[in-house]
Amino acid sequence: MSEGRALSRRAFLVATAAAGATLAGCTSGAGGGGVVDEIGEVEARRPHSGRTVSATLTADRTRVDLGGSVAESLTYNGTVPGPVLRASVGDEVAVTVRNRLPRTTSVHWHGIAMRNDMDGAAPATPDIAAGGDFTYRFSVPHPGTYWAHPHTGLDADTGLYFPVIVDDPRDPGDYDAEWIVMLDDWTDGVGSSPEQIFDGLRAMSAPGHDMAGGEPMPGMPGMGAVAGVGGTGKSTLLGGDAGDVSYPYYLVNGRIPAAPSTFRAKPGQRVRIRIINAASDTAFRVAVTGHRLTVTHTDGFPVVPTEVDAVLIGMGERYDVRVTAGDGAFALVALAEGKNATARALLITGAGNPPPADFTPPELDGRVGTVADFNATTAAALVPAVPDAKLPVDLAGSMAPYEWTINGAPFSRTTPLQVRSGQRIEMTFDNTSTMWHPMHLHGHTFEILTADGRPGARKDTAIVLPAQRLRVAFVADNPGQWMLHCHNTYHQDAGMMTRLDYTG
Ligand SMILES: [Cu+2]
């Protein structure tokens, strides 16, 4: 490729990223007509039940009651989380989104291996213009715990999120009751806005500020001027700094700890808890007082059931755990990792008083399950194979300047990764930064490659620790242009995103 062509291609990519709403046909422009044909062919091969699940979501600025504290933020249909979307394998989902925001938006269906042109991330799917409507229409191929959120700007750090649950009619599951638990870190409408936080992070590292070896100095101009910027602690589990933002609240199912939501079950019932981390800058360590957790699924896919006292869950990740409910009043406690705060909800099966709002149960310091502790079941594991291609994914960046990169470039200057349909891909995340990154690949689920050769967990989002090299494998079986990015909203917006393009 000549230098001129390379430059014009980069310019084209920047243009499509900025103006996806007007470029409905750009998939064929960048990927070639063959890829567009292939999207249809792959869709035809997905299971189809003949049923359609329909819903309407209105994205708007509304007031939400977080449990006595009322925030004005962005929501779907006025609630946080938005309404649960539930379908079965093979169903067609038809969700009409009415964008009543003063700017473009999108709905990204996180974790679902769906057709590329409905993924909800530009340029493959056009964003929805301010005031416009759009119907996402796609089939769901795999059962599991998923969720949805915007893929535009910093709007993932608002109330715009909801759970997506895909059932398998052939497998009712080994549980009596189901509890969906959505975790979030919350600032919009009660603290700084996401835009103020992002500007604050950028200002912290602006020229003229003495960064003293990269560490922000307390009291320096720009630092501390924006509430929530910085001020977080360290985490051993996360290998260093826990995050970039400290939040006024941490929520379970849209409620602050003083006014928790309650789940009722009967003693002895096996409760499947679908834990979804919808936060923007917070990993949570989750436990249920007086209970052990049996982890059954990671990011929707089954693992060999494994007992732990708590699980660590990064942004974008999902863990399904099973508990056998005791008799009494219990709390599910989500410790905001490294941030000295908790979120919680109650599990009530009998008499008694639940633990106080600030209680941190001993289970949080017991055996904490991280991704390395789980192995895909035989049915969920990939068939071992020699990779057809290896993709290095170098993660780097810094707080000063506040910029995060993949393979040396921020998203505005990225060179997309390339694969061909049918290839077995080995991807290596190499984190040379001093922060952890929950890396998320759209449209695919990869398998963690373990040192002992046993199949690791199937994931679409995986925590990559500082100085860690994490190898994963996947099959390139879903043609299109897919985003690969850090699921820290601020890292993503500061450049830590690239694309995976099918070239035929
Ligand atoms: Cu990151």
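Every chain's residues receive numbers from 1 upward, in the order its sequence appears when written. With pLDDT at 70 or above as the cut-off, local features in this predicted model cover only qualifying residues; side-chain atom pairs require 80 or more to be listed or tallied, and sums for whole chains, interfaces and linings still use all residues. Water and hydrogen atoms play no part in the side-chain values, which are based on all heavy atoms of the structure.

The protein is annotated in an unreviewed UniProt entry as Putative multicopper oxidase of Mycolicibacterium chubuense.

A. Structural context of the overall build of the protein. Secondary structure counts use DSSP, requiring at least four H or I residues in a row for a helix and at least two E residues in a row for a strand, with both numbered from the N terminus. Per the secondary structure count, the protein includes five helices and 33 strands. Using a 1.4 Å probe on the protein chains alone, a residue whose accessible area is under 20% of its type maximum counts as buried, one over 50% counts as exposed, and one in between counts as partly exposed. Within the protein, buried positions represent 59% of all 504 residues. Put simply, 75% of the contacts in the protein that link residues at least 6 apart link residues at least 24 apart. In short, Shrake-Rupley with a 1.4 Å probe defines the accessible areas, and a residue's cover is counted only from the protein chains shown. Put simply, the protein shows about 18500 Å² of open surface, and 52% of that area lies on carbon and sulfur atoms. Contact between two residues is taken to exist if any of their heavy atoms lie within 4.5 Å; hydrogens are not considered.

B. Inspection of the coordination of the copper ion at higher detail. With water excluded from the atoms, a metal site may look incomplete; its donors are any N, O or S atoms within 2.8 Å, or within 3.2 Å for Na, K and Ca. Summarising the metal site, the copper ion is bound by the protein donors His437 (ND1), Cys486 (SG) and His491 (ND1), whose distances to it range over 2.0 to 2.1 Å. Spacing between the donor residues of the copper ion along the chain follows H-x48-C-x4-H. Of the residues examined, Cys486 reaches a relative accessible area of 0% and is grouped as buried.

C. Structural context of helix α4 (residues 194-204). Within α4, the full set of buried residues consists of Pro194, Ile197, Phe198, Gly200, Leu201 and Met204. Burial along α4 is one-sided: seen end-on, the buried residues are contained in an arc of 160°. Among the structural elements, α5 (489-493) are those in contact with the buried residues of α4. This arc describes the spread of directions from the helix axis toward the C-beta atoms.

D. Summary view of empty space enclosed by the protein. Think of a 1 Å grid over the protein atoms and nothing else: a 1.4 Å probe that fits but is trapped marks a cavity, an open set flanked by protein within 12 Å on at least five of seven lines marks a pocket, and residues with an atom within 4 Å of a point count as lining. Grid points are joined across faces, edges and corners, and a volume is the space filled by probe spheres set on the points. Enumeration over the complete set of coordinates arrives at two cavities of 30 Å³ or more. One number sums up the size of the second largest cavity: a volume of about 40 Å³. Along the walls of the second largest cavity sit His149, Pro150, His151, Thr152, Gly153, Ala156, Thr489 and Gln492, which together make up its complete lining. When residues are sorted by character, Ala, Val, Leu, Ile, Met, Phe, Trp, Tyr, Cys and Pro go into the nonpolar class, Asp, Glu, Lys and Arg into the charged class, and all the rest, Gly among them, into the polar class. For the lining of the second largest cavity, the residue count by class is two nonpolar, six polar and no charged.

E. Up close: unusual backbone geometry. Between Ala122 and Pro123 the backbone carries a cis peptide bond, its omega angle lying at 10°. Looking at the secondary structure, you find Pro123 in the loop between β5 (108-110) and β6 (133-139). Residue Pro401 follows Ala400 across a cis peptide bond; omega there is 0°. With respect to the secondary-structure elements, Pro401 resides in the loop between β23 (389-398) and β24 (403-406). Its identity is not glycine, yet Asn407 carries a phi of approximately 50°, on the positive side.

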